[in-house]
Amino acid sequence: NNYFDIINNNIDFIPKKILEIGAGSGVLSSLLKNEYDSQITIIDIPNVLSCSIAFLMFVFPEKKFCLPSEIENKDLKSFDFIFLLPQQLNYLNKLDEQDLVINTQSFMEMDYQEIENYFKLVKQKIKNNGYFFCSNRTRKIYKFFDYPWSDLNNFKKIYIGINEISKALSGSTLI
């Protein structure tokens, strides 16, 4: 709810196309889907992606899902949820630009080259005047402020702060 509240209170339009990189269990995506009825695309590693697929199918049994194994030759515009593995990023070319791109707590688990590649993806896929929400620990192997923020020079920062919930549990996290 904390991330949802920050997003909801800091954007000035309803995002109809949302891309979440590293969605984990899919809880944030479920809140966004419930509030905005957006098309949600999730990119994650196989073991974690299966958790978000199971959770979201349980919460939204009436919605239309496109699984990684089904994506070939599909018209992606008709799906409520689209699930991709990191090696399937080329299928994002079939999608419209995204209103909101999200990464929470997974860049800090990646090597720097992967982070750079995802920043390029964000820059390529986000709509003009769209939003990028990023929350990761300030220090791990790669520091939050060392991410390639300069690649996103056409964006303005609307919120930065310490995530008090994560701070209490595991150390400093910036959003």
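Use the structure listed above.
Residues numbered from 1 in each chain as written. Predicted model: local features only at pLDDT ≥ 70, side-chain atom pairs only at ≥ 80, totals over all residues. Heavy atoms only, no water.

Student: Which residues make up the packing of helix H1 (residues 2-10) against helix H2 (residues 27-36), and what values do they have?
Tutor: Close contact between H1 and H2 brings their axes to 9 Å; oriented N to C, the two are set at 40 degrees. One finds that H1 runs oblique with respect to H2. Crossing of H1 against H2: the hand is right-handed. Residues Tyr 3, Phe 4, Ile 7 and Asn 8 of H1 lie in contact with H2, whose contacting residues are Leu 28, Leu 31, Leu 32, Glu 35 and Tyr 36. Among the residues making up the contact of H1 with H2, the classes are represented as seven nonpolar, one polar and one charged. (Axes fitted to C-alpha atoms, helices over the stretch in contact; angles between N-to-C directions. Helix = DSSP H or I, 4+ residues; strand = E, 2+ residues; numbered from the N terminus. Parallel < 35°, antiparallel > 145°, perpendicular 65-115°, else oblique. Left-handed = near helix turned anticlockwise from the far one by under 90°. Contact = heavy atoms within 4.5 Å. Nonpolar A, V, L, I, M, F, W, Y, C, P; charged D, E, K, R; others polar.)

Student: Break down the pairing of strand S5 (residues 98-104) for me, citing the residues and quoting the values.
Tutor: For S5, the buried fraction is high: seven of the seven residues fall into the buried class. The sheet contact formed by strand S1 (residues 17-21) and S5 spans four bridges and is parallel. Residue Ile 18 lies in a different strand from S5, and its bridge partner there is Leu 100. (Buried < 20%, exposed > 50% of the residue type's maximum accessible area, 1.4 Å probe, protein only. Pairing = 2+ DSSP bridges.)

Student: Give a detailed account of H1, specifying residues and quantitative values.
Tutor: Along H1, the residues that are buried comprise Tyr 3, Phe 4, Ile 6 and Ile 7. Taken end-on, H1 shows its buried residues confined to a sector of 165 degrees, consistent with a single buried face. (Arc of directions from axis to C-beta.)

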